[in-house]
Amino acid sequence: MRGESDLRNSVQRSVVKVVRGRAASDGAGVKLTRVIGQPALPDLDPFLMLDEFRSDDASDYMAGFPDHPHRGFETVTYMLAGRMRHGDHKGNVGLLRPGSVQWMTAGRGIVHSEMPEQENGLMWGFQLWVNLPAKDKMIEPRYQEFAPEAIPEATIDGVGVRVIAGRFGDVEGPVRAVATEPLYLDIALSPNAAVDVPVTSGHAAFAYVFKGAVEIAGRRVQRGELAVIGDGTAVSIRAGAEAGRLILLAGRPLREPIAKYGPFVMNTPQQIREAIADFSEGRF
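Let us look at the structure shown here. (Residues numbered from 1 in each chain as written. Predicted model: local features only at pLDDT ≥ 70, side-chain atom pairs only at ≥ 80, totals over all residues. Heavy atoms only, no water.)

It is worth spelling out the overall build of the protein chain at this point. Counting its secondary structure elements, the protein chain contains two helices and 24 strands. For the protein chain, the C-alpha radius of gyration of 18 Å lies close to 19 Å, the compact-globule estimate for 284 residues. Seen along its three principal axes, the alpha-carbon backbone of the protein chain occupies a region of about 60 × 40 × 35 Å. Per-residue burial for the protein chain yields a buried fraction of 52% across its 284 residues. At a minimum sequence separation of 6, the contacts of the protein chain that also span at least 24 residues come to 71%. Element-wise, carbon and sulfur atoms account for 49% of the exposed surface of the protein chain, whose accessible area totals about 12000 Å². Distance from the positive charge centre (32 side chains) to the negative charge centre (35 side chains) of the protein chain: 3 Å. (Helix = DSSP H or I, 4+ residues; strand = E, 2+ residues; numbered from the N terminus. Rg over C-alpha atoms; globule rule 2.2 N^0.38 Å. Buried < 20%, exposed > 50% of the residue type's maximum accessible area, 1.4 Å probe, protein only. Contact = heavy atoms within 4.5 Å. Areas by Shrake-Rupley, 256 points an atom, 1.4 Å probe, with all protein chains shown as cover. Lys, Arg positive; Asp, Glu negative; His and termini not counted. Charge placed at Lys NZ, Arg CZ, Asp CG, Glu CD.)

Under the counting rule described, the total for this entry stands at one cavity of 30 Å³ or more. Space inside the largest cavity adds up to approximately 50 Å³. Around the largest cavity, the lining residues are V30, K31, F53, R54, S55, Y61, F65, M84, P116 and M123. Among the elements of the structure, strand 3 (30-36) and strand 4 (47-55) are those that each provide at least two residues to the lining of the largest cavity. Sorting elements by how many residues they give to the lining of the largest cavity places strand 4 first, with three residues. (1 Å grid on protein atoms, 1.4 Å probe; cavity = no way out; pocket = protein on both sides within 12 Å on 5 of 7 lines; lining within 4 Å. Points joined across faces, edges and corners; volume = space filled by probe spheres on them.)

Tallying each qualifying case throughout the model produces nine aromatic pairs. Residues Y78 and Y184 carry aromatic rings whose centres are separated by 5.9 Å and whose planes lie at 85 degrees to one another, so their mutual orientation is edge-to-face. Pair noted here: Y78 is in strand 6 (residues 73-81) and Y184 is in strand 17 (residues 183-189), with a separation of 106 residues, a long-range link. Members of the aromatic cluster, joined through ring pairs, are W124, F126, Y208 and F210. One Lys or Arg, R54, reaches over the ring of W124 and ends 4.4 Å from the middle of that ring. (Phe/Tyr/Trp six-rings, centres within 6.5 Å; stacked < 30°, edge-to-face > 60°. Lys NZ or Arg CZ within 6 Å of the ring centre and 35° of its normal.)

A probe matching the size of a water molecule, rolled over the atoms, marks out where space remains unfilled. By volume, the largest pocket is sized at about 460 Å³. Lining the largest pocket are 25 residues, and of these D26, R34, M49, H70 and W129 lie nearest its centre. Those elements that provide at least two residues to the lining of the largest pocket are strand 3, strand 4, strand 5 (65-70), strand 11 (123-131) and strand 23 (259-261). Of all the elements, strand 5 adds the most residues to the lining of the largest pocket, at six residues. Taken together, the residues of the lining of the largest pocket sort by class into 12 nonpolar, seven polar and six charged. (Nonpolar A, V, L, I, M, F, W, Y, C, P; charged D, E, K, R; others polar.)

Before going further, it helps to examine the pairing of strand 2 (residues 22-26). Where strand 2 and strand 3 come together, five bridges link them in antiparallel fashion. Considered in strand 3, the bridge of D26 is made with V30. Connecting strand 2 to the next strand, strand 3, in antiparallel fashion are three residues, including G27 with a positive phi near 60 degrees. (Pairing = 2+ DSSP bridges.)

If you want it as structure tokens, here you go:
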């Protein structure tokens, strides 16, 4: 997907650290794995949290995520298996099914729910929290929701790439006008396949392996592990004798103060107090 001159001029990124997710629960008791937002990796500016939810035991997910508020950041839900129904206090509804994506900009405030629309079978996917810059924290909420068929794919030499946000070669993802200029790729590699992925210099980047194992910048990363990737303009990914699949994300760091309290992410403690008051008094 890149010309030889691009490859010659690229600055390869390295793996800074590898962390493994920790068991956690959220919502009404949904069992999940928290990868970003845990002691080993509290955040990776602009990324605030990454959860993987994966279970074929309905008791692990049926309680779902009933009505809850958000302010000051974006939530990104990417479904691999199962069905999740979204609704909010303004009457917006949507169904997330396998392969679909919802990029929700909470902005000044939204109260929403995410509830499983199945009683058995595998429920699998990711939720990512992405910070908003101070100037955008109080914008009107909005959604970008895409069905599986709206996510473009590129295939080359045993590598398949679903482009959710940003660009891979000539393929551009559907997510638009996001403040942190994100790259979000779902990359599947056949055994012994390899790919060199351009990543904007200066942007924070990580890769989370959710099937098999791969080498990222020469370091082996296994299922359930996240590699924090250093600076540069490209990252090399290679599969060994087994296939592998991962999500690769990058985004522009905001380098702003962060004040967090549950579902609110602002810049100062005073703004957090205002968010709590606004929610309690019905001003969302």
